[in-house]
Structure formats: C-alpha cells, structure tokens
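Fold and geometry: a report
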Amino acid sequence: MVNTDERNAEGVKMNTKNLKIDKTHKWNRVVKKYYIYAVLLLIVIVFSVMKLDEVTFFGRGHFLSPASITNLLRSAVPILTLSGAFTLLMISGNIDLSVGSAMSLNAVVYSLMILNGFSMGIAFILTLILGIFCGFINGYIVQKLRITPVIATLVTLNLFKGVALLIVPNGVSAIKGTADKVMPIWINDYARKKVLLGLPTAFYVAILVIVLLIITQRKTILGKYAVAVGGNRTAAELSGINARQVAWLLYILVGFMAALAGIARASYMSTGNPLSGDGMELDNIIAVLLGGTAFAGGEGSVAKTMVGALIIMCVTTGLMTVIPPYWQSVAKGTVLVIAVVLNKMLIKTGVEA
Amino acid sequence: MGTKTRLLKRADSSMSNESFISLFMISVLVILFGIACAIVPNFYLPMNMLNLIMNYWYIIILGIGVTFLLVTGNFDMSVGGVIAMTGVLSVYFSQSAVVLKNPLAVGLGLPYGVAVGLALLCALAVGAVNAFFIVKLKVPSIIVTLGTMMLARGVGQVVTLGAQRNTSLPDIFGVIGNASIPGTPIKVSVLIMVGLLIIAVVIEKTTIFGRRTYLIGANREAARLSGIRVERHLTTLFLTSALLAGITGILMASEFKAGISNRATGFEFDALVICLLGGTNINGGFGSVLGTVVGALVLGVVTSAATGMVLSPDWQFFLKGTVTFLAILAQRYALDRRKG
C-alpha cells in the first residue's frame with residue numbers, strides 16, 4: 001500500500017523530468033515482475049540439459065521425468081507449507097529464525113504421540129496446538145517484551161531445539177519404532193501415500209494453504225495491515241492499526257504452519273528427528289528473498305515466494321543427482337548470495353543494516 | 001532552568017547505563033557462581049576455576065570481534081564457518097603433496113608458516129565478502145553472514161569431501177595448539193587469548209578508533225556527518241572479526257591435528273550469547289570487551305555446572321537459550337526501570 005504510493009509519486013516526478021528515465025523505470029518494473037519465473041525456467045533447463053546424455057527427455061531418471069517431478073514436489077511439501085506464512089511475517093517487518101527448530105520439535109512430538117498409540121486426528125490437533133503455542137511464545141517475546149526479532153527467535157531456536165533433543169531418549173538419535181513399540185504403518189498416510197497424480201495428501205494441503213495465504217495477502221485486511229506495519233510501523237499505528245496484534249498473529253500463523261510442516265516431515269520419514277528441521281529458516285529466507293520480498297518489510301508476494309521455494313528445491317534435489325552431497329552447503333550459500341544481490345538490485349528502497 | 005540543574009545533578013549522581021549493566025552482570029555471575037558452588041560438589045576448587053577460564057579461550061577470542069561489531073549494530077554469524085574453513089584449509093595446505101591412494105591424505109605440501117598465512121588470507125576473504133555486501137550494498141548483516149557461514153563451512157566440506165583430513169601432516173602442525181607454558185598447564189592458546197584481549201581493551205578504552213566504534217553504533221548518520229569514514233571503519237571490523245575467527249580455527253586444527261569440516265558448529269551463537277550476557281546492547285551503541293569476558297564466565301559457570309550435575313549434553317541448548325533469554329530480559333527490565 002505504502003510502496004505503491006511511493007512508486008506512483010516517483011513515476012510522476014520522473015514523468016515531468018524526463019521521458020527516457022520513465023521508460024527504463026517501466027522496464028525495471030517488468031523485470032521485477034517476471035524475473036523469478038525466468039530464473040526458475042533457467043534452472044529447470046540447466047538441470048534437464050545436464051543429464052541429457054544419459055537418458056531421453058522426460059524419460060526415466062531424467063530431471064523432468066514424472067517420477068522425478070513428483071519426488072521433487074513431495075520433498076518440497078514442508079517448505080511450500082511454511083514459506084507462505086513466513087512471507088507474510090517478513091512483509092510485516094519481522095523475522096522468525098526458529099521455524100526450523102519449531103518444525104523439528106513438532107515432528108518429534110507428533111511421532112512420539114503416534115508411537116504411544118494416539119489416534120492420528122488427536123495427535124494432529126495436539127501438534128498443531130503446540131505449533132500455535134510456539135508461535136505465541138515468539139510473538140510474546142518480540143511484541144510484548146520488545147526484544148529484536150532476530151535475537152528473540154535465535155534464542156527460541158535454541159530453546160525449541162533443546163526441548164526436542166531432550167524429548168528424544170538418551171542413546172537414540174530420533175523417535176522411531178523400538179523392540180517393544182512399533183511405529184504404526186499409517187504414519188505414512190499423510191505425506192507418503194499417493195492420493196492423486198502420485199502425490200500425497202500433504203501436498204494438496206500445502207496447495208490449499210498457499211491458495212488461502214495468497215488470498216489473505218491480496219484480499220483481506222490482514223494482508224493490507226501486514227504491508228502497512230512493515231512499510232512504516234509508526235504511521236500504521238497512528239492510523240489506528242494495532243501493529244502489535246498484527247505481528248503477533250503472524251507469528252502464531254508461522255508457528256501453526258511450522259507444526260503442519262513438521263507433521264508432514266515426520267509422516268514422510270516415519271521418524272521424529274530432532275534435527276530434521278535444521279536449516280529450514282535459511283531455506284525460507286532464500287525463498288522469500290528470491291521472491292522479491294523486501295527484507296525490511298512493506299512489500300512482497302506469497303505467490304512469488306512459492307516460485308522461490310521451488311527454485312531452492314530444484315537446486316538441492318537437482319544438484320544431488322549431479323554432484324556429491326558435500327557441495328550442498330556451498331550451493332545453498334551461493335544461491336542465498338545471488339538471491340540477496342538480485343533482491344538488492346530490484347528493490348531500490350534502502351534497507352537498514 | 002530548574003529542570004536543567006536537576007537533570008545535571010541526576011547525571012552526576014548516577015552512573016552511566018554502561019557501568020550499571022556491567023555491575024549488574026557481574027552480580028549475576030557472582031550469584032550463579034554461588035548457586036553452582038552450593039549444588040555441585042567441589043565446584044569452588046581453584047583448579048576448576050582455572051579450567052573454566054582456560055576452556056573458553058576460543059569463545060573469548062571470537063567474542064572480541066563480535067563485540068566490536070555488535071557495538072556498531074552489526075552481527076557476524078559467519079565465525080563458526082570461518083573456524084571450520086580455516087582449520088581445514090591450514091591442514092590441506094600443509095599436508096604433503098606426495099600422491100597417495102587416499103585423496104584425503106594429499107595436500108599442497110607447503111611449509112607450515114605459509115599454510116597458516118594462506119588460510120588466514122582465506123578467512124580475510126570471507127570477511128571481505130561480508131563487508132562488501134553489508135557495507136557497500138547495505139544488505140542486513142544477519143542474512144549476509146548466515147550465507148557466508150554456509151559458504152565457508154561448505155568450502156571446508158568440499159575440501160574434506162564431507163569427512164576430515166588428519167593424515168600425512170608435518171610434526172610442526174600440532175605444536176602451537178598443544179604447547180603449554182613450561183611448568184604450568186596453561187596453554188599457548190590461552191596466552192594468545194589474553195594478549196588479544198589486552199590489545200582489544202586498549203583499543204576500546206583509549207584509542208580514537210574505539211570511540212568512533214561507539215559513535216557509529218549510537219547514531220550512524222551523525223557519525224558519518226561528523227566526518228567518520230563509517231564504511232571503512234565497518235570494513236575493518238568485519239575483516240578483524242574474520243581474522244580472529246581464522247586464528248581460532250588454526251589453533252583448534254592444530255590442537256586436534258586434524259581439519260574437521262563440522263567443527264565449531266554453533267560457535268556463532270555462543271559468541272553472540274556471551275556478548276549479550278556481557279551487557280552489549282543488541283541494537284548497538286554500548287557494550288564492552290571486558291563485559292564479554294564476564295559473559296563468557298557466566299556461560300562457563302552454567303555449562304560446567306550442568307556437566308557437574310551430570311546432565312546429558314542435550315541440556316546445553318536449553319540452558320544456553322534460557323540463560324540468554326533471562327539475561328536479555330533482565331537488561332531490558334533494568335534499563336526500563338532506570339529510565340522510568
């Protein structure tokens with residue numbers, strides 16, 4: 001909202017000054033709108049050409065084979081579920097570095113409940129409540145106690161991780177079936193069993209979440225308020241928006257989605273690994289920045305973040321087939337740096353250090 | 001005029017926020033130490049306390065660079081990655097160049113001094129990348145340094161093929177990290193830490209450079225307008241932080257005589273934690289290196305008390321998180337109280 005106004009004002013200024021500048025400005029806007037799709041296309045093309053000598057296009061084992069695409073989408077479920085809410089949070093000028101830990105914690109708790117004979121529905125609901133609670137804590141620390149988001153969520157990152165590690169019994173690396181307790185086979189139902197087009201329920205839930213969040217961002221008051229709070233918090237507060245409540249609500253939303261993603265991860269791997277969510281916060285930040293959301297808030301799009309998330313999944317799973325796994329860190333770091341530079345080039349508004 | 005004199009009087013009678021917070025944290029340290037002595041048997045033995053300080057040399061070295069950066073309002077999360085990378089590279093550079101079957105045993109065969117120099121240069125390069133993106137392009141430091149953390153660790157993983165390098169090293173490699181002062185158990189690393197600490201305190205308390213650091217943190221724009229070259233200053237600080245991390249990496253690699261790519265995981269958080277525990281403000285403006293040492297001691301007391309109570313290492317994350325949280329909260333509360 002705020003940014004559109006700014007942009008319009010800028011455009012008017014340039015119109016009166018010089019027509020040429022206005023044209024480059026327009027072109028910039030076109031680039032800004034569509035570059036992310038071009039990047040995704042480019043990455044897909046590169047990876048499909050890389051393995052061309054071994055197999056035919058769309059054939060077995062090829063990057064674009066149906067099996068490989070469903071596999072990619074299936075492993076993308078957690079980040080697709082999570083990054084939409086993360087985008088909204090970042091639009092409002094906040095950040096949550098604890099999403100990875102919250103996800104692991106929820107995965108551990110969910111699989112522990114399933115292992116101990118809870119029915120799926122109850123375990124599901126209780127885990128989601130735990131997720132909401134995690135988000136509530138983050139929101140409380142940031143909004144009520146007024147501690148900088150980065151520090152506050154860095155602390156909860158360690159807290160959630162610590163709790164997850166403490167829940168897992170000594171001497172075992174993850175919650176899984178033991179000699180006397182067997183993990184029910186139906187734990188896989190949610191995120192592994194093929195429902196439609198070879199994809200599991202979790203994927204369709206993620207799609208539903210994305211659609212809802214896109215609508216939330218574009219059509220509802222919450223989306224507008226997030227932009228207003230992120231653009232200029234004081235102005236938003238002065239115009240009657242309860243900035244604290246908006247941001248708190250978004251933290252809770254992120255916590256909820258982290259729980260949903262954690263359930264999907266636990267159900268997919270049929271174990272509750274306390275380290276399974278590690279690095280999720282970085283993946284999310286990369287996706288959000290690639291999607292053109294301003295780091296300081298005030299501008300962004302959920303839909304484009306999804307494209308950004310797909311780009312990361314393409315890079316990680318695509319690279320796995322081409323180069324050894326120990327290159328992953330370098331690859332992800334490079335993508336992050338590229339995302340930062342692209343973001344910087346396309347968003348001209350200054351960002352505070 | 002009445003209010004003015006009252007304000008002046010108040011400023012005279014009360015100490016600065018900085019020393020208030022320092023005193024506050026020292027009292028927290030004393031209280032924690034008392035509790036630990038009461039709960040854990042034999043905690044008060046001098047040997048224990050000496051160990052406490054000596055086991056935390058690496059975090060204190062890192063803390064110096066991170067404190068200076070935090071005072072200016074910037075984060076450096078890449079230190080852990082830089083430690084891993086420098087350690088691995090120093091091993092790789094000094095491994096003998098004789099071709100063997102095992103690719104992890106073949107290095108560049110450089111003399112140890114050259115290897116260390118090159119590894120430190122690589123650490124400086126990471127610092128330069130940080131500085132470029134943060135200072136020139138004005139990207140938030142947390143994002144950039146998280147990225148370079150991954151990059152640096154990734155370089156370490158690529159060089160060690162995801163494992164570790166520990167064979168065909170010259171004997172001199174393991175000397176500096178394991179040597180101790182004759183007749184005492186104090187390691188050379190601890191001496192280096194103390195030396196760096198003294199230099200840092202002198203720079204912070206007595207030089208123009210130190211004052212400028214605070215000024216930038218308090219108000220960057222005002223600092224720029226009053227003629228401080230902010231960009232150059234911040235670049236220097238990022239380079240220093242990376243260099244300190246590099247030195248730590250080399251010492252640690254030498255101690256273990258191995259280059260391990262997942263060494264120093266989470267050290268960036270520890271370094272940040274001790275700065276915050278020592279009273280450095282999250283938003284920049286004030287803080288001190290000596291405060292960071294106090295913070296390191298607080299963390300040391302907490303973790304070694306946990307070890308003494310035979311808690312599983314899983315408790316560490318939880319304890320660190322809780323202690324940091326309480327420290328930040330206490331700071332906030334105390335400062336609010338003083339203002340109100």
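Residues numbered from 1 in each chain as written. Chains lettered and ligands numbered in written order. Predicted model: local features only at pLDDT ≥ 70, side-chain atom pairs only at ≥ 80, totals over all residues. Heavy atoms only, no water.

All right, on to the overall build of chain B then. Secondary structure assignment for chain B yields 15 helices and two strands. Since a compact globule built from 340 residues should have a radius of gyration of about 20 Å, the 21 Å found for chain B is in line with a globular shape. When the backbone C-alpha atoms are referred to their principal axes, chain B occupies close to 85 × 55 × 35 Å. Counting all 340 residues of chain B, 50% fall into the buried class. (Helix = DSSP H or I, 4+ residues; strand = E, 2+ residues; numbered from the N terminus. Rg over C-alpha atoms; globule rule 2.2 N^0.38 Å. Buried < 20%, exposed > 50% of the residue type's maximum accessible area, 1.4 Å probe, protein only.)

This brings us to the packing of helix α6 (residues 120-144) of chain A against helix α7 (residues 149-167) of chain A. All names here are of chain A. It is the contact of α6 with α7, at a shortest axis distance of 9 Å, that shows an interaxial angle of 145°. Seen along the crossing, α6 lies across α7 with a hand that is right-handed. In contact with Cys134, Ile137, Asn138, Ile141 and Val142 of α6, α7 contributes Pro149, Ala152, Thr153, Thr156 and Phe160. Across the contact of α6 with α7, the residue classes break down as seven nonpolar, three polar and no charged. (Axes fitted to C-alpha atoms, helices over the stretch in contact; angles between N-to-C directions. Left-handed = near helix turned anticlockwise from the far one by under 90°. Contact = heavy atoms within 4.5 Å. Nonpolar A, V, L, I, M, F, W, Y, C, P; charged D, E, K, R; others polar.)

What follows covers the interface of chain B and chain A. It is common to give the size of an interface as the accessible area lost on bringing the parts into contact. Of the residues lining the interface, 40 residues belong to chain B; the matching set on chain A comes to 37 residues. Of the roughly 3,600 Å² buried between chain B and chain A on both sides combined, carbon and sulfur atoms contribute 79%. Its largest share of buried area at the contact with chain A, chain B owes to B:Ile143, B:Met150 and B:Phe317, together 18% of the area lost on that side. Across the contact surface, chain B and chain A share zero salt bridges. (Buried area = accessible area lost by both parts, 1.4 Å probe. Salt bridge = Lys/Arg side-chain N within 4 Å of Asp/Glu carboxyl O.)

Residues and elements named next belong to chain A. Checked against the element boundaries, Asn71 lands in helix α3 (residues 66-75). Judged by its relative accessible area of 38%, Asn71 falls in the partly exposed class. Considered as a pair, Asn71 and Leu199 are 128 residues apart in the sequence and their alpha carbons are 8.5 Å apart.

A word on helix α4 (residues 77-91) of chain A. Residues and elements named next belong to chain A. For α4, spanning 15 residues, the distance from its first C-alpha to its last is 22 Å, which sits close to the expected 21 Å at 1.5 Å a residue. Along α4, the sharpest kink reaches roughly 30°, centred on Ser83. Following α4 by one or two positions, Gly93 has its phi on the positive side, about 85°. (Expected span 1.5 Å × (residues − 1). Bend = angle between axes of the 7 residues up to and from the residue.)

With that settled, the discussion passes to the packing of helix α4 (residues 57-71) of chain B against helix α14 (residues 289-308) of chain B. Residue and element names in this part refer to chain B. Put simply, α4 and α14 touch, their axes get as near as 9 Å, and they point 135° apart. Accordingly, the angle class assigned to the pair α4 and α14 is oblique. Crossing hand, α4 versus α14: right-handed. Note on element contacts: α14 touches α4 through Val289, Thr292, Val293 and Ala296, opposite Ile60, Gly63, Ile64, Thr67 and Phe68. For the contact of α4 with α14, the residue count by class is six nonpolar, three polar and no charged. (Parallel < 35°, antiparallel > 145°, perpendicular 65-115°, else oblique.)

This part covers unusual backbone geometry. One non-glycine residue, A:Ser270, lies in positive phi territory at about 45°. Relative to the assigned elements, A:Ser270 resides in the loop between α11 (243-269) and α12 (280-290). Even without being a glycine, B:Lys257 presents a positive backbone phi close to 50°. Along the chain, the position of B:Lys257 falls in the loop between α12 (230-256) and β2 (259-260).

Moving on, we come to the packing of aromatic side chains. All names here are of chain B. Tallying each qualifying case throughout the model produces 10 aromatic pairs over all chains. The interplanar angle of 70° and the centroid separation of 5.2 Å between the aromatic rings of Tyr112 and Phe173 together place this pair among those described as edge-to-face. One end of the pair, Tyr112, is in helix α6 (residues 112-136); the other, Phe173, is in the loop between β1 (164-165) and α8 (175-178), with 61 residues separating them in the sequence. Residue classification places Tyr112 among the buried positions, given a relative accessible area of 14%. Looking at Phe173, the relative accessible area reads 0%, which means it is buried. With centroids separated by 5.4 Å and ring planes inclined at 80°, the aromatic side chains of Phe132 and Phe133 adopt a geometry described as edge-to-face. (Phe/Tyr/Trp six-rings, centres within 6.5 Å; stacked < 30°, edge-to-face > 60°.)

Now for the confidence of the model for chain A. Detailed reading of the predicted model is not advised wherever pLDDT is low. Residues and elements named next belong to chain A. Per-residue pLDDT for chain A averages 80, and the proportion of residues at 70 or more is 86%. Element-level pLDDT for chain A is lowest in helix α1 (residues 2-17), with a mean of 48, against a maximum mean of 90 in helix α5 (residues 99-115). In this model residues 9-17 is a low-confidence stretch, pLDDT under 50, and it forms five contacts with partners more than four residues away in sequence or in other chains. Per-residue pLDDT stays below 50 along residues 349-353; that stretch engages in 12 contacts with residues further than four places along the chain or on separate chains. (pLDDT = per-residue confidence, 0-100.)

Residues and elements named next belong to chain B. Scored by pLDDT, chain B has a mean of 83; 94% of the residues are at 70 or more. Here helix α1 (residues 2-13) stands out as the element of chain B with the lowest mean pLDDT, 46, in contrast to α12, whose mean of 92 is the highest. Per-residue pLDDT stays below 50 along residues 1-13; that stretch engages in two contacts with residues further than four places along the chain or on separate chains.

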